[in-house]
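# Understanding the architecture of this molecule
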Amino acid sequence: MFGAGLRTRKRTTMAISPVAMTLRPPVPWAPLLIAEDHCKGCELCVAACPKAVLALDRGRVNLLGYHPIRLTDPAACTSCAFCARVCPDAVFIVWAAPREAGR
Ligand code: SF4
Ligand code: SF4
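Quick summary incoming for the structure in this document. Owing to the predicted nature of the structure, the values given are computational and were not obtained by experimental measurement. (Residues numbered from 1 in each chain as written. Chains lettered and ligands numbered in written order. Predicted model: local features only at pLDDT ≥ 70, side-chain atom pairs only at ≥ 80, totals over all residues.)

For ligand 1, the set of nearby residues contains 16 residues, the closest of which are C49, C77, C80, F82 and C83. Residue classes in the shell around ligand 1 are distributed as 13 nonpolar, two polar and one charged. (Near = placed C-beta within 6 Å. Nonpolar A, V, L, I, M, F, W, Y, C, P; charged D, E, K, R; others polar.)

See the structure below:
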């Protein structure tokens, strides 16, 4: 009886974000990968960013029905990752700037 219950239990499969599976930095290089369809538009990252380079894209709506976050100035982003630390939905993958050869 106990074993029968185990046999009938359905196996659950874990969904793994394709963004989280990314092992290599984006090409061309960018400081952030943004899984914008996971964004709920709470703007915690906007408040946390010391460079003020994050903003909701009010011209678009994602699959969840929210305006997704957007990096407004990639060159000004310092890859500090404060945005990734505060985001409750793991929307960001942050990449450090590539080093120049010989440094
Ligand atoms: S990594 Fe830092 S500077 Fe870049 S968007 Fe996130 S909080 Fe702002
Ligand atoms: S903290 Fe995360 S969920 Fe909230 S607006 Fe920023 S990216 Fe979207």
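Let us keep going from here.
Right, let's get into the environment of D73. Its place among the elements puts D73 in the loop between β3 (69–71) and α3 (82–86). The exposure class assigned to D73 is exposed, which follows from the 11 C-beta atoms found within 10 Å. With 22 residues separating them in the primary sequence, D73 and K51 have C-alpha atoms 9.2 Å apart. (Helix = DSSP H or I, 4+ residues; strand = E, 2+ residues; numbered from the N terminus. Buried ≥ 20, exposed ≤ 12 C-beta atoms within 10 Å, placed from the backbone.)

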